Amino acid sequence: MSQPQHIESPCISICQLDGSTGLCQGCFRTRDEIAIWGRADSATRLAILNAIKERRVKAGGGLRRENRRNRQPD
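Draft legend 1. Region of the structure containing the overall build of the protein chain. Summing up its helical and strand segments, the protein chain has two helices and zero strands in all. Looking at the 74 residues of the protein chain, the share that counts as buried comes to 26%. For the protein chain, long-range pairs separated by at least 24 residues make up 48% of all intrachain contacts whose partners lie at least 6 apart in sequence. Accessible area for the protein chain stands at about 5600 Å²; split by element, carbon and sulfur atoms hold 50% of it.

Draft legend 2. View of the nonpolar core. One finds Ile7, Leu23, Phe28, Trp37, Ile48 and Ile52 forming the largest nonpolar core, which totals six residues. When residues no more than four places from it in sequence are discounted, the contact partners of Trp37 are Ile7, Glu8, Ser9, Pro10, Arg29, Arg45, Ile48 and Leu49.

Draft legend 3. Up close: unusual backbone geometry. Despite not being glycine, Ser13 has its phi angle at roughly 60°, a positive value. Within the element layout of this structure, Ser13 appears in the segment before helix H1 (31–36). Of note, Phe28 is a non-glycine position whose phi angle comes to about 65°, a positive value. Assignment of secondary structure puts Phe28 in the segment before H1. In this structure Phe28 comes out as buried when scored by relative accessible area, which is 15%.

Draft legend 4. Spatial organisation of the state of the cysteines. The tally for this structure, following the rule as stated, stands at zero disulfides. You can see Cys11 has no disulfide; the closest cysteine sulfur is in Cys15, sitting 3.9 Å from it. Distance from the sulfur of Cys27, which forms no disulfide, to the nearest cysteine sulfur (Cys24) is 3.8 Å. A residue is classified by how much of its surface remains accessible, and Cys27, at 2% relative accessible area, is buried.

Draft legend 5. Quick look at the pattern of salt bridges. Tallying each qualifying case throughout the model produces one salt bridge. Here Glu33 ties to Arg55 by a salt bridge, and the two come within 2.8 Å at their closest N and O atoms. Of this pair, Glu33 sits in helix H1 while Arg55 sits in helix H2 (residues 42–58), and the two are 22 residues apart along the sequence. Judged by its relative accessible area of 22%, Arg55 is partly exposed.

What counts and what doesn't
Residues numbered from 1 in each chain as written. Predicted model: local features only at pLDDT ≥ 70, side-chain atom pairs only at ≥ 80, totals over all residues. Heavy atoms only, no water. Helix = DSSP H or I, 4+ residues; strand = E, 2+ residues; numbered from the N terminus. Buried < 20%, exposed > 50% of the residue type's maximum accessible area, 1.4 Å probe, protein only. Contact = heavy atoms within 4.5 Å. Areas by Shrake-Rupley, 256 points an atom, 1.4 Å probe, with all protein chains shown as cover. Core = buried A, V, L, I, M, F, W, Y, C linked by side-chain atoms within 4.5 Å. Disulfide = S-S within 2.5 Å. Salt bridge = Lys/Arg side-chain N within 4 Å of Asp/Glu carboxyl O.

This is the structure:
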């Protein structure tokens, strides 16, 4: 039996929901996606990541935003 795949959270510590879209302005997840992430299986997490990628492209953004937790100080 293989180990479950570790899939890192897309959270980049810019946690604010946009009132008009209902999406987190940092990671582009919905409130429901944020709520289930911790208990979601790999397939569900991958589906969420694919949805985020599509939303980011639609919004004219890149594939991934900088993570505040890993940002180098100026």
